[in-house]
2 protein chains.
Amino acid sequence: MSLQGTRVAIVATHGFEEAELSSPREAMQAQGIEVDIVAPEGGEIRAWAETDWGDNYTVDKTIDEVSEADYDALMLPGGHFNPDVLRTNEKVLTFVRSFFAAHKPVGAICHAPWILINAGVVEGRNMTSVPSISQDLKNAGAKWEDKEVIVDSGFVTSRTPKDLEAFNAKLVEEISEGKHRKQHA
Amino acid sequence: MSLQGTRVAIVATHGFEEAELSSPREAMQAQGIEVDIVAPEGGEIRAWAETDWGDNYTVDKTIDEVSEADYDALMLPGGHFNPDVLRTNEKVLTFVRSFFAAHKPVGAICHAPWILINAGVVEGRNMTSVPSISQDLKNAGAKWEDKEVIVDSGFVTSRTPKDLEAFNAKLVEEISEGKHRKQHA
């Protein structure tokens, strides 16, 4: 199965957890998927690698240059800093919400679901996250469970980098299935 | 006015925002208040200083060694890592909740109110925080406003290190007033 011609946006900024971007990107590219790193500003963004700053990653497109129509799916890596910044960026929130509204697959791992709280898309959804933010997700109306990966109609979530193998497999599976009727904003 | 004999606990762990601990501690000590740094484990905790790791700070007491009865008030610094860890520590949450239940003054700044969400003490309270977590506080029932400092019956909150002068002044004022009947868990 080749997913040649399929395009996925990864939205991130400084302080994203390195493995949570590099590992899903590699897994998607291995299936022939074209992956763009989309950030609020162009140039490079700096990773966080577990306990300290990590490598720089090249931004492929800025948020001003893209729309949901350009991509078949969306993936959001975590980190402590990255989602804390992105959840206050209205252009990012509009972009993220549009994938849910268009019934397209979305993956989010670790602290990334904070962005989804501000995008207003978690109410009633089955999902997981790093346990420290579970109360925030429950308070936003999510049906939260402590599992390595949860799939809810094209919406794929995992807890931490330890879950990446399971996360990547389900993410690619949901992307290969295309739009999901019950995926919604 | 001297507050000699008054004791305040600062609860923190690795990755607290350095100025948000050092500045209120200095302001309280200048009034004769005795301040203890209380952490989940003994030894030293490492500060975060704006953009990178900062200095180490000596832990005065571990959470196992203290109870609310030992102190007249509580102060919680922010940071990205510190509250994300403390909000999952049941001993910390019990300790924090007990100050609200005992009508004692509590100060919290920046990302520290995440701890208060998990402690279950923000519902109906007038407060502020770093704007990025405002939605989490509103979803937990807080009456959130974007102000440099908000005082609600002994409960003092501010947004960021830029607000420290106003935060420190109100924190010391509320501590000098002692217990507040309407402060509650």
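Structure: see above.
To keep things clear, this report deals only with the structure shown in the data block. (Residues numbered from 1 in each chain as written. Chains lettered and ligands numbered in written order. Predicted model: local features only at pLDDT ≥ 70, side-chain atom pairs only at ≥ 80, totals over all residues. Heavy atoms only, no water.)

Side note on the sheet that holds strand β8 (residues 106-109) of chain A
All names here are of chain A.
Turning to step 1, where the next piece is worked out: Judged by pairing direction, the sheet is mixed, and its seven strands sit side by side in the order β6-β3-β1-β7-β8-β12-β11 without closing on themselves. Two strands close off the open sheet at either side, each with one partner strand: β6 (61-62) and β11 (149-152).
Turning to step 2, where the next piece is worked out: Judged from the four bridges that link them, β8 and strand β12 (residues 155-158) form a sheet pairing that is parallel. Of the residues in β12, the one forming a bridge with Gly 107 is Val 156.
Turning to step 3, where the next piece is worked out: Helix α1 (residues 18-29) rests against β1 (7-11), β3 (34-39), β7 (73-76) and β8 of the sheet, and its axis sits at about 150° to β3.
Turning to step 4, where the next piece is worked out: Across the sheet, helix α6 (residues 164-177) lies against β1, β7, β8, β11 and β12, angled at about 175° from β12, the strand it touches most. (Pairing = 2+ DSSP bridges. Helix = DSSP H or I, 4+ residues; strand = E, 2+ residues; numbered from the N terminus. Contact = heavy atoms within 4.5 Å. Axes fitted to C-alpha atoms, helices over the stretch in contact; angles between N-to-C directions.)

Some thoughts on the sheet that holds strand β11 (residues 149-152) of chain B
All names here are of chain B.
Turning to step 1, where the next piece is worked out: In spatial order, the strands read β6-β3-β1-β7-β8-β12-β11; together these seven strands make up an open sheet with mixed pairing. The sheet is open, and its two edges are formed by β6 (61-62) and β11, each paired on a single side.
Turning to step 2, where the next piece is worked out: Packing against the sheet, helix α1 (residues 18-29) makes contact with β1 (7-11), β3 (34-39), β7 (73-76) and β8 (106-109), and its axis sits at approximately 150° to β3.
Turning to step 3, where the next piece is worked out: Lying on the sheet, helix α3 (residues 90-101) is in contact with β1, β7, β8 and β12 (155-158); it crosses β7 at an angle near 130°.

Things to note about the relation of the copies chain A and chain B
Turning to step 1, where the next piece is worked out: After a rotation of 180° and a shift along the axis of 0.0 Å, chain A superposes on chain B with an RMSD of 0.0 Å. Such a combination of rotation and displacement between the chain copies is what one expects of a two-fold axis.
Turning to step 2, where the next piece is worked out: In this assembly, 100% of the residues forming the interface of chain A have copies in chain B that are likewise at the interface, indicating an isologous arrangement. (Least-squares fit on C-alpha atoms with pLDDT ≥ 70 in both.)

Section: the packing of α1(A) against α6(A)
Residues and elements named next belong to chain A.
Turning to step 1, where the next piece is worked out: Two elements in contact, α1 and α6, have axes whose closest approach is 10 Å; the angle formed by their N-to-C orientations is 45°. It follows from the interaxial angle that α1 and α6 lie oblique. The hand of the α1/α6 crossing is right-handed. Every residue of α6 that contacts α1 at Ala 19, Glu 20, Ser 23, Pro 24, Ala 27 and Met 28 is listed here: Leu 164, Phe 167, Asn 168, Leu 171, Val 172 and Ile 175.
Turning to step 2, where the next piece is worked out: Counted by class, the contact of α1 with α6 contains nine nonpolar, two polar and one charged residues. (Parallel < 35°, antiparallel > 145°, perpendicular 65-115°, else oblique. Left-handed = near helix turned anticlockwise from the far one by under 90°. Nonpolar A, V, L, I, M, F, W, Y, C, P; charged D, E, K, R; others polar.)

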